[in-house]
Amino acid sequence: MIKERLDFSIRPATWFTFAVAVMCIPLSLCAPETWAYENGLLENLQMMLLMLGIIFCVTARTDKPLYLFFATIIFFFMLREVNCGRMIFWSRNGEIFYSGMPTDYLKWKEIPHGSLIRTGIYIAITSLCILAWCRKGNFTALKKTLLNTKAPFWELLLLICGFLCTFITERLHLCFITEEIGELLLYTALTAAVFRYSRAYQPQIHP
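Residues numbered from 1 in each chain as written. Predicted model: local features only at pLDDT ≥ 70, side-chain atom pairs only at ≥ 80, totals over all residues. Heavy atoms only, no water.

S.K.: Could you give an account of the confidence of the model for the chain, naming the residues involved and the relevant values?
M.R.: On average, residues of the chain score 78 in pLDDT, and 77% of them are at 70 or above. Mean pLDDT across the secondary structure elements of the chain bottoms out at helix H5 (residues 86–89), with 58, and peaks at helix H2 (residues 12–30), with 91. (pLDDT = per-residue confidence, 0-100. Helix = DSSP H or I, 4+ residues; strand = E, 2+ residues; numbered from the N terminus.)

What follows is the structure in structure tokens.
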């Protein structure tokens, strides 16, 4: 049953994800911590990967509802990376664009009406997503595509590894650089999966 739901083939995008995963090991041990600063090298790489993912979704050749769904997920990841604009518009040192430690930017409770602003952003984005999915049978089309398309095993595995790396290091307050590298792996695997499927490669589940 599991083999029928998963695609174990290795495509060029898969090899790229493997290469990033291998590079993550020495990077987590040797890279300077400054690379993991907010708006620093690793975060900018993450944003570039997410932007590529959205471009792949917008230019998908088939199954537009499926890629609208993926674009929505990727957009939420982008919002997370900039903390809904908090990383761009508010900083403790008064600069709009900066690169520094997490202590350099203001927490939501330190920003005037910060909690209200954050809640408003989430409500607005969620409302737009709901409106998009309620139109033209998008949800039905998405459900049909997901049920009949095999999931990319290797990208999914590396995505989970990146998520676990990020989750564990963040919750246990371990190495800061490892947390950001875990996110880099997660976003690489997600973008690779979107790329290989959006280029008209979608292994189907045969009844």
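S.K.: Summarise the packing of H2 against helix H9 (residues 176–198); cite the residues concerned and give the values.
M.R.: As a packed pair, H2 and H9 sit with axes 9 Å apart at the nearest point and diverge in direction by 175 degrees. If you check the angle between H2 and H9, you find them roughly antiparallel. Residues Ala13, Thr14, Phe16, Thr17, Val20, Ala21, Cys24, Leu27 and Ser28 of H2 form the contact with H9, whose participating residues are Ile177, Thr178, Ile181, Leu185, Thr188, Ala189, Ala192, Phe195 and Arg196. (Axes fitted to C-alpha atoms, helices over the stretch in contact; angles between N-to-C directions. Parallel < 35°, antiparallel > 145°, perpendicular 65-115°, else oblique. Contact = heavy atoms within 4.5 Å.)

S.K.: So, the layout of surface pockets: which residues are in play, and what are the values?
M.R.: Empty space among the atoms becomes visible once a probe the size of a water molecule is rolled across them. A volume near 460 Å³ is recorded for the second largest pocket. For the lining of the second largest pocket, the elements supplying multiple residues, two or more each, are helix H4 (64–81), strand S2 (151–152), helix H8 (153–171) and H9. Per-element tally for the lining of the second largest pocket: the top contributor is H9, with six residues. For the lining of the second largest pocket, the per-class residue count stands at 17 nonpolar, one polar and three charged. (1 Å grid on protein atoms, 1.4 Å probe; cavity = no way out; pocket = protein on both sides within 12 Å on 5 of 7 lines; lining within 4 Å. Points joined across faces, edges and corners; volume = space filled by probe spheres on them. Nonpolar A, V, L, I, M, F, W, Y, C, P; charged D, E, K, R; others polar.)

S.K.: So what about H2? Which residues, and what values?
M.R.: Between its terminal C-alpha atoms H2 stretches 28 Å, which fits the 27 Å expected from 19 residues at 1.5 Å a residue. Within H2, the axis deviates most sharply at Cys24, by approximately 30 degrees, and proline Pro26 lies no more than four positions further along. For H2, the full list of buried residues reads Ala13, Thr14, Thr17, Val20, Ala21 and Cys24. Its buried side turned inward, H2 meets H8 and H9. (Expected span 1.5 Å × (residues − 1). Bend = angle between axes of the 7 residues up to and from the residue. Buried < 20%, exposed > 50% of the residue type's maximum accessible area, 1.4 Å probe, protein only.)

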